[in-house]
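Analysis of the macromolecular model
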Amino acid sequence: MPKDHDGIGADTKRREDVRFLTGRGKYTDDIQIAGQVHACFVRSDVAHGEIVSIDSFAAEAMPGVLAVFTGADFAEVGGNPAGWLINSRDGEPMKEPKRPVLAHGKVRHVGDAYAAVIAETPEQAQNAAEAIEADIKELPAIVDMAEALKGGRFVHDEIETNQCFDWGWIEDNRAATDEAIKNAPHVTTLELVNNRLVPNAMEPRASTGIYDPGTDEYKLYTTSQNPHLTRLLICAFVMGIPENKLTVIAPDVGGGFGSKIYHYGEEALVLAASKRLGRPVRWTASRSEAFLTDAHGRDHVTKIELACEKDGTFIAFRTETMANVGAYLSNFSTATPTFLHGTLMAGNYTVPNVYVNVKAVFTNTAPVDAYRGAGRPEATYSLERVIDMAARELDMDPMELRRKNFIKPDQFPYASAAGLEYDTGNYDQLVDKMEEMSDAAGFAARRKESEAKGMLRGRGVNAYIEACGIAPSNLVGILGSRVGLYDAATVRVNATGTLSVMVGAHSHGQGHETAFPQVVADMLGIDASSIDIVHGDTSKIPFGMGSYGSRSLAVCGSAVVRATEKVIAKAKKIAAHMLEAAEGDISFEDGNFSVAGTDKSVSFGEVAFKAYVPHNFPLETVEPGLEETAFYDPANFTYPSGAYTCEVEVDPDTGKVRVDRFTAVDDFGNVINPMIVTGQVHGGLAQGIGQAIYEETTYDDNGQLTSASYMDYCMPRADDLPFYGVDHSCATPCTHNPLGVKGCGEAGAIGSPPTIVNAVIDALQSGGKDVKHIDMPLTPNRVWAAMNAN
């Protein structure tokens, strides 16, 4: 490709940022439809209660009110399903109670919507919502997972248990793992909590439903990471709308972090209300509603054991986890603590025995589902904390213990004891680069400088691996997925040589509108600026599975490659005709088709024009036009990995933690746009540091959310974060997708929490404090209390 083209590997600035930074982005709430009316939801202020009656008479008579909906209006429609069916280790299917559009019979968490008002203005809708009188008989809230598993009181009475499933992985490994731990020379045991988080995307959820009685067609504008899945769930499970009669459009979306993958009841409500009223119905969440009702993340309570030889050789990992799924199953909530978590419990290590037990628990709290990293941060945190603890018990250097047990480059492909096959990696190389960049040799001097200021300084390390681009469809189907996990792309070459590329992935911060054109431009030898990316509109794009799990480039990008290859293959046939040569003699390079051994050539643009003006065209062998579609179903996960380190200072008088420096070295395989990748890592690190030090979602014993606003939920600010050292030059390309890419969007959030906690424990122990573990977030109060516990 000519060097002046912005193809693969170029640090091209994100083209979409022009509209975002100048206020020209178009989000769901920006879309104004003639005749639109407004919805306001009436939400429960108790965590658990029986709905005795709902009196909407006064509300219906208020100015501007057009309709009031309650759960009774949706009693006969389907429920919003879980996307994965998980069996317990005794073979019993998981419990899947109905998740209704509006609560009916009972409310099950604070914020559970049981009615909705439609009015001419938002203010009229809200005023009327406040006038609805509901007689709700409050019941004792079930909040603590251990208490929930004891039974006696149930979130869903009809299933007579609070346990969704009791999953074991891999069950055939159980006896061997138990025996290995029983007989091991050394066993380190750690009990820890992976704290619950609120995703806090910049843009709250919003939906506008439109029904056209003339065509019996529906249109839904919504804040979705996955518009085709939203359409499928509404049509096939919830409302029964023929799929060809519903268009779902996700325009610009202001962040998701997983919370906008799923279908929510508000989307179905605005569609149903629009049909009843014959007018567009819109709703935008307040920030308070986002805290109460967006799917939360994490919330695991885990006991992990590491068995090893006296020299530190790993023998076995065994974990027991309670995973909170909240009051209802969200779409990915059963996959996150199981196959996205348990399969990573071997880490980067040659451990021969792994067994994972997860009990998913219903509680009277908001639903819990995938949040940036989705199961991988939970697995990494457990592993990397217990390894650090074991290193201290064995009096070994924490990173040397990891190195001792790393899978080595000549062992790939490597079948892990947790059931995955890693295709490539070089973990020692990552550590070497991390130690060089972080000036590990100078740490002792920096610790002395901190001590001179009265501060405790610690250094934490971490080595992670994650699995991205969940695949393949035939395997995930066996494991319980209700959908395929392929993706799709259509490459349309216009007559003038410009291109429109329609993709199943959705961009909400990933930079697709820049990175995907780089791939196509590199393959076609044309300028990336001549390529547009179309996404988010189910009437325009092929059926794809959206963006989450760092899958966009590895899966949808691979579909783009395959579709582009089809375009090139057809274009060669046309070029051969134009050049009066055999197709086998045609070569394609730098945007030109040429005949081998001659100076005869035609440009890609000339071929494109010929495809649409087929005068003197071989119609018997080649159809007019130049447009191709490809579906790509991966052969395996991709496996990014990394080595992280940070240094912290802890104030012994207050317990305040300050992150002084952070180095992240990642293997993402081939990198399409280094600038975008670096930005993704920066964002992930900020969220991981937020979890480690600042953020926590808390409920009291009555199920009231006590961290329901930014007054009580602490988010990291710019001055809480250090300057990062980031590198992704130690690449081992993925072997099974055509781009050799692995995924980068979640790495920072996976590797940073254990790195921070390890550093704080190191600081406290260096200061003579007998502190082995502190649960996240490491607030000043928690750290001070741990230091002064004895």
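A few points on the structure.

Rules used throughout
Residues numbered from 1 in each chain as written. Predicted model: local features only at pLDDT ≥ 70, side-chain atom pairs only at ≥ 80, totals over all residues. Heavy atoms only, no water. Helix = DSSP H or I, 4+ residues; strand = E, 2+ residues; numbered from the N terminus. Contact = heavy atoms within 4.5 Å. Phe/Tyr/Trp six-rings, centres within 6.5 Å; stacked < 30°, edge-to-face > 60°. Lys NZ or Arg CZ within 6 Å of the ring centre and 35° of its normal. Axes fitted to C-alpha atoms, helices over the stretch in contact; angles between N-to-C directions. Parallel < 35°, antiparallel > 145°, perpendicular 65-115°, else oblique. Left-handed = near helix turned anticlockwise from the far one by under 90°. Nonpolar A, V, L, I, M, F, W, Y, C, P; charged D, E, K, R; others polar. Pairing = 2+ DSSP bridges. Buried < 20%, exposed > 50% of the residue type's maximum accessible area, 1.4 Å probe, protein only. Arc of directions from axis to C-beta. Disulfide = S-S within 2.5 Å. Core = buried A, V, L, I, M, F, W, Y, C linked by side-chain atoms within 4.5 Å.

**Things to note about the environment of Ala148**
Relative to the helices and strands, Ala148 is located in helix 4 (residues 145–149). C-alpha separation for the pair Ala148 and Leu394, spaced 246 residues apart in sequence, amounts to 37 Å. Contacts of Ala148, omitting those with residues within four sequence positions, involve Ile142, Asn162, Val361 and Phe362.

**Structural notes on the packing of aromatic side chains**
Tallying each qualifying case throughout the model produces 27 aromatic pairs. Between the aromatic rings of Phe412 and Tyr427, the centroid separation amounts to 5.9 Å while the plane-to-plane angle is 75 degrees, which identifies the pairing as edge-to-face. Of this pair, Phe412 sits in the loop between helix 10 (398–405) and strand 16 (414–415) while Tyr427 sits in helix 11 (residues 427–437); the two residues are 15 residues apart in sequence, bridging distant segments of the chain. The structure contains a cluster of three or more aromatic residues connected by ring pairs, namely Phe314, Phe317, Tyr349, Phe406, Phe412 and Tyr427. Here Arg205 stacks its cationic end above the ring of Tyr264, 3.6 Å away from the centre of that ring.

**Comments concerning the packing of helix 9 (residues 376–393) against helix 10**
At a minimum axis separation of 8 Å, helix 9 and helix 10 run at an interaxial angle of 110 degrees. With respect to helix 10, the axis of helix 9 lies roughly perpendicular. Here the hand of the crossing between helix 9 and helix 10 comes out right-handed. Here Glu384, Ile387, Asp388, Ala390 and Ala391 of helix 9 come into contact with helix 10, specifically with Pro398, Leu401 and Arg402. A class-by-class count of the residues in the contact of helix 9 with helix 10 yields 5 nonpolar, no polar and 3 charged.

**Description of the sheet that holds strand 21 (residues 531–534)**
Across the sheet, which stays open at both edges, the 4 strands sit in the order 21-20-19-25 with mixed pairing between neighbours. In the strand order of this sheet, the two ends are held by strand 21 and strand 25 (627–632), each with one partner. The mean inter-strand angle of the sheet, taken between neighbouring strand axes irrespective of direction, is 15 degrees. Relative to strand 25, strand 19 (residues 487–493) is paired through 6 bridges, and the arrangement is antiparallel. Along strand 25, the bridge assignment pairs Thr490 with Thr629. Together, strand 19, strand 20 (499–503) and strand 25 form the strand contacts of helix 15 (residues 552–579), whose direction differs from that of strand 25 by roughly 145 degrees.

**Points about helix 11**
Among all positions of helix 11, only Tyr427, Asp428, Leu430, Val431 and Met434 are buried. Here the buried residues of helix 11 occupy an arc of 155 degrees about the axis, which is enough to place them on one side. Backbone geometry just after helix 11 places Asp439 at a positive phi near 55 degrees.

**A word on the packing of helix 15 against helix 16 (residues 604–612)**
At their nearest, the axes of helix 15 and helix 16 sit 10 Å apart, and the two run at 85 degrees to each other. Taken together, the axes of helix 15 and helix 16 lie roughly perpendicular to each other. Judged by residue contacts, Val567, Ala571, Ile574, Ala575 and Met578 of helix 15 engage Phe604, Glu606, Val607, Lys610 and Ala611 from helix 16. Split into classes, the residues belonging to the contact of helix 15 with helix 16 amount to 8 nonpolar, no polar and 2 charged.

**Observations regarding the state of the cysteines**
Scanning the model with the defined rule gives 0 disulfides in all. Counting only cysteine sulfurs, Cys744 is the nearest neighbor of Cys556, a cysteine outside any disulfide, at a range of 15 Å. A relative accessible area of 0% places Cys556 in the buried class.

**Thoughts on the sheet that holds strand 1 (residues 37–43)**
Strand order across the open sheet formed by 7 strands is 3-5-1-12-9-10-11, with mixed pairing between neighbours. Each edge of the open sheet is held by one strand with a lone partner, namely strand 3 (65–70) and strand 11 (246–249). Ignoring strand direction, the axes of neighbouring strands in this sheet form an average angle of 20 degrees. Across 4 bridges, the pairing between strand 9 (residues 206–212) and strand 12 (residues 281–284) is antiparallel. By the bridge assignment, Ser207 is partnered in strand 12 with Trp283. Packed onto the sheet, helix 7 (residues 265–277) meets strand 1, strand 3, strand 5 (113–119), strand 9, strand 10 (217–222), strand 11 and strand 12 and runs at close to 30 degrees relative to strand 9.

**Things to note about the pairing of strand 15 (residues 353–362)**
Counting buried residues in strand 15 gives 9 out of 10 residues, a clear majority hidden from the surface. Judged from the 6 bridges that link them, strand 7 (residues 163–169) and strand 15 form a sheet pairing that is antiparallel. What sits directly across from Gln163, in strand 15, is Val361. The pairing of strand 14 (residues 314–326) with strand 15 spans 10 bridges and is classified as parallel. Across the sheet, Ala323 pairs through a bridge with Ala360, a residue of strand 15.

**Describing the nonpolar core**
Within soluble globular proteins, side chains that are nonpolar tend to cluster in buried spots. Phe317, Tyr422 and Phe662 are the most contacted members of the largest nonpolar core, which totals 142 residues. Broken down by element, the residue count for this core peaks at 9 residues, all from helix 18 (residues 747–766).

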